[in-house]
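# Overview (structure and organization)
Listed below, chain by chain, are the residues.
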Amino acid sequence: MKRLFILTALLLFAACVFAQVKTDSVAYSRQRAKINAMLAARKIKFSQYDTSLTKRSGIFHMQTKGDIRKSNDILMDIVGTDDEIFIELKKLFDYQTNQLNYTNYQKKQVESNAKEVEKTRIAFMTTINRLREQNEDLKATLAKQKAGYESRQKLYIIVIVLTFASILALAFTKRKRKA
């Protein structure tokens, strides 16, 4: 019975954990895909920045202010993308931390439930043993009372028989005197 209960508790715990992990891992996967897409976009922007640094549209093959502004704009866009990536990475780490915390919480919950059930089982076993002892005591008391009742019953029968015999004896002795 104990093994069956523990097995059932473990199966329920596993079902809860795996069900939760799947929903969390979907969100986790989406977040990772989003970050990977952002990193790919950053890589493209960085190649554009590298290209803009080599672009020289000025006289005597020099960079113009416009070229430098375009490079700076691309660089600022890269910095903005980096900031967004950091924000999304923080969300990703929060997903992972929450998932681990929730798993730990579920483990502690199952352990506390198992301890509680074990305490209840021990209390039931103690109660059953106490009731068995009381039952045995009551059976012994009943046997003693039954033996006492039977001995009193025999005594009452003897007394009744003796009384009836003495009444008959007195009645016969009275008749003999009259006759």
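Our structure is the block above this text.
### Considering the overall build of the protein
Helix and strand content of the protein: 2 helices and 0 strands. Counting over 179 residues, the protein shows a buried share of 11%. Considering only contacts in the protein between residues 6 or more positions apart, those separated by 24 or more positions represent 72%. By element, 64% of the accessible surface of the protein is carried by carbon and sulfur atoms, the whole surface being about 15200 Å².

### Observations regarding the packing of aromatic side chains
How two aromatic rings sit relative to each other is set out by the distance from centre to centre and by the angle between their planes. For the structure on display, the rule yields 2 aromatic pairs. Between Tyr 102 and Tyr 105, the ring centres sit 6.3 Å apart and the planes meet at 35°, which makes this aromatic pair tilted. Of this pair, Tyr 102 and Tyr 105 both sit in helix H2 (residues 65-178), 3 residues apart, which is roughly one turn of the helix.

### Section: H2
For the α-helix, the turn length of 3.6 residues means that residues three or four positions removed from each other point alike. In this model H2 runs 164 Å from its N-terminal to its C-terminal C-alpha over 114 residues, within 8% of the 170 Å that 1.5 Å per residue would give. Those residues of H2 that fall on the buried side of the exposure criterion are Asp 67, Ser 71, Ile 74, Ile 78, Thr 81, Asp 82, Ile 85, Glu 88, Leu 92, Gln 99, Thr 103 and Gln 106.

### Regarding a nonpolar patch on the surface
A surface patch of nonpolar side chains, amounting to about 300 Å² of accessible area, comprises Phe 124, Met 125 and Ile 128. Here Met 125 is to be found in helix H2.

### Quick look at the environment of Thr 54
Secondary-structure assignment places Thr 54 in helix H1 (residues 2-54). With relative accessibility at 54%, the residue Thr 54 sits in the exposed group. Remark: the alpha-carbon pair of Thr 54 and Ser 71, spanning 17 residues in sequence, is separated by 9.8 Å.

### A short note on the pattern of salt bridges
Within this structure, the stated rule accounts for 6 salt bridges. With a closest N to O distance of 3.1 Å, Lys 45 and Asp 77 form a salt bridge. Remark: Asp 77 occurs in helix H2 and Lys 45 occurs in helix H1; sequence separation between them is 32 residues. What makes Asp 77 partly exposed here is its relative accessible area of 39%. With a closest N to O distance of 3.5 Å, Glu 88 and Lys 91 form a salt bridge. Taken together, the positions of Glu 88 and Lys 91, both in helix H2 and 3 residues apart, correspond to about one turn of that helix. Assessed through its relative accessible area of 7%, Glu 88 is described here as buried.

### Focus on the environment of Gly 80
Structurally, the position occupied by Gly 80 is in helix H2. The class for Gly 80 is partly exposed, based on a relative accessible area of 27%.

What counts and what doesn't
- Residues numbered from 1 in each chain as written.
- Predicted model: local features only at pLDDT ≥ 70, side-chain atom pairs only at ≥ 80, totals over all residues.
- Heavy atoms only, no water.
- Helix = DSSP H or I, 4+ residues; strand = E, 2+ residues; numbered from the N terminus.
- Buried < 20%, exposed > 50% of the residue type's maximum accessible area, 1.4 Å probe, protein only.
- Contact = heavy atoms within 4.5 Å.
- Areas by Shrake-Rupley, 256 points an atom, 1.4 Å probe, with all protein chains shown as cover.
- Phe/Tyr/Trp six-rings, centres within 6.5 Å; stacked < 30°, edge-to-face > 60°.
- Expected span 1.5 Å × (residues − 1).
- Patch = residues over 30% accessible without salt bridge, like charges linked within 9 Å, V, L, I, M, F, W, Y side chains within 5 Å.
- Salt bridge = Lys/Arg side-chain N within 4 Å of Asp/Glu carboxyl O.

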